[in-house]
Amino acid sequence: SQTIHQWPATLVQPVGSPLSLECTVEGTSNPNLYWYRQAAGRGLQLLFYSVGIGQISSEVPQNLSASRPQDRQFILSSKKLLLSDSGFYLCAWKEGGVGVGYGYTFGSGTRLTVV
Amino acid sequence: SQKIEQNSEALNIQEGKTATLTCNYTNYSPAYLQWYRQDPGRGPVFLLLIRENEKEKRKERLKVTFDTTLKQSLFHITASQPADSATYLCALDKRAGGFKTIFGAGTRLFVKA
C-alpha cells in the first residue's frame, strides 16, 4: 500500500531564516505530488504540484519554492521566511492527478511557526 | 469567483443521532466531489468521492449526496459516535484541463456521549 512521510511535525523558525520541508512517498512510482498550506479557518491552498522529476508548477507567487530531485521525493523550501509563512503545510499524493476520480493521500503535516 | 462553502459553526449532536453536514459551491462545475476527515494537528483523510452523474454514495455509516442543480452536497453520518468528532472537509475537482482542487474550510463536528 502507498504511504506518505512528511517531516518535521513541528517547526519554529525566526523571520529571515531558511526552510526545508521534506516529503517522501512509498508504494508507488511516478506519483503526482502536491504541497498545500492550511491556515486556521481557511480551506487548503495549493502551493505547488509536480508530475515528475524536476517538473514543478507553482500556483501562488510567494517566497516559497519546491523541488523534486527524485521520483518519490518532494521538497518545499524558502530562502528567507516571512511571518505570513506560518501555517500547517501538507504534502499529498493523488493517483492520476486532478480530475481522474481519486482522493488525495495526505502526509501528517508540518506546523510551521515563524517568529 | 469560484467559491465553496461549509458551515463554519460547529455541529453538536448526541451519540446515536445522524449528523448532516453541508457543502455548497458557486461558479463551479465539478466533475467530482470529495469528503475528508481531519483530526486536530493531522492531515486530512479521504473518505468518499462522488461523481457528477451520481446522486448518492454510501460507505458503512457514511452517505454522500450530490445535487448539481442545487450545487450542494450533503454528508451524513448515521448512528454517530464520539469517535466521529472531527472536522470534515469537502473538495471539488474539475474533470480536466486544470490542476486545482478547491477545498472548503471544513465543519467541526462534536458528538456527545
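Basis of the calculations
- Residues numbered from 1 in each chain as written.
- Chains lettered and ligands numbered in written order.
- Predicted model: local features only at pLDDT ≥ 70, side-chain atom pairs only at ≥ 80, totals over all residues.
- Heavy atoms only, no water.
- Helix = DSSP H or I, 4+ residues; strand = E, 2+ residues; numbered from the N terminus.
- Buried < 20%, exposed > 50% of the residue type's maximum accessible area, 1.4 Å probe, protein only.
- Contact = heavy atoms within 4.5 Å.
- Areas by Shrake-Rupley, 256 points an atom, 1.4 Å probe, with all protein chains shown as cover.
- Lys, Arg positive; Asp, Glu negative; His and termini not counted.
- Charge placed at Lys NZ, Arg CZ, Asp CG, Glu CD.
- Pairing = 2+ DSSP bridges.
- Axes fitted to C-alpha atoms, helices over the stretch in contact; angles between N-to-C directions.
- Buried area = accessible area lost by both parts, 1.4 Å probe.
- Salt bridge = Lys/Arg side-chain N within 4 Å of Asp/Glu carboxyl O.
- Polar contact = N/O pair within 3.5 Å; in protein donor to acceptor, adjacent residues only side chain to side chain.

Draft legend 1. Summary view of the overall build of chain A. Along chain A, the regular secondary structure elements total 0 helices and 11 strands. Along the chain direction, N to C, the helices and strands of chain A fall in the order β-β-β-β-β-β-β-β-β-β-β. Taken over the C-alpha atoms alone, chain A extends approximately 40 × 30 × 25 Å along its principal axes. The buried share among the 115 residues of chain A stands at 48%. Long-range pairs, those at least 24 residues apart, make up 54% of the contacts in chain A with a sequence separation of at least 6. Carbon and sulfur atoms provide 52% of the accessible area of chain A, an area that totals close to 5,200 Å². In chain A, which carries 8 positive and 6 negative side-chain charges, the distance between the mean positions of the two groups comes to 9 Å.

Draft legend 2. Region of the structure containing the sheet that holds strand β1 (residues 3-6) of chain B. Residues and elements named next belong to chain B. Taken in spatial order, the 5 strands of this open sheet run β1-β3-β8-β7-β6, and their pairing is antiparallel. The strands lining the two open edges of the sheet, one partner per strand, are β1 and β6 (56-59). Sheet twist, expressed as the average angle between the axes of neighbouring strands with direction ignored, equals 15°.

Draft legend 3. Looking closely at the sheet that holds strand β8 (residues 73-78) of chain A. Residue and element names in this part refer to chain A. Across the sheet, which stays open at both edges, the 4 strands sit in the order β1-β3-β8-β7 with antiparallel pairing between neighbours. In this open sheet, the two strands that pair with only one neighbour each are β1 (3-7) and β7 (64-70). With strand direction ignored, the average angle separating the axes of adjacent strands in the sheet is 20°. Of the strand pairs in this sheet, β7 and β8 are connected by 5 bridges, and their pairing is antiparallel. For Ser67, the partnering residue across the bridge sits in β8 and is Ile75.

Draft legend 4. Quick peek at the interface of chain B and chain A. The partner chain A presents 24 residues to the 22 residues of chain B that form the contact. Taking both sides of the interface into account, the surface hidden between chain B and chain A amounts to around 1,700 Å²; carbon and sulfur atoms contribute 58%. Our enumeration of links across chain B and chain A arrives at 1 salt bridge. Linking Lys94(A) and Asp93(B) is a salt bridge whose minimum nitrogen-to-oxygen distance equals 3.3 Å. At the surface where chain B touches chain A, the tally comes to 4 residue pairs in polar contact (both at pLDDT 80 or more). Secondary structure elements with two or more residues in the side of chain B that touches chain A: β4 (32-38), β5 (45-51), β9 (86-93) and β10 (101-103) of chain B. A total of 4 residues in the side of chain B that touches chain A trace back to one element, the largest contributor, which is β4(B).

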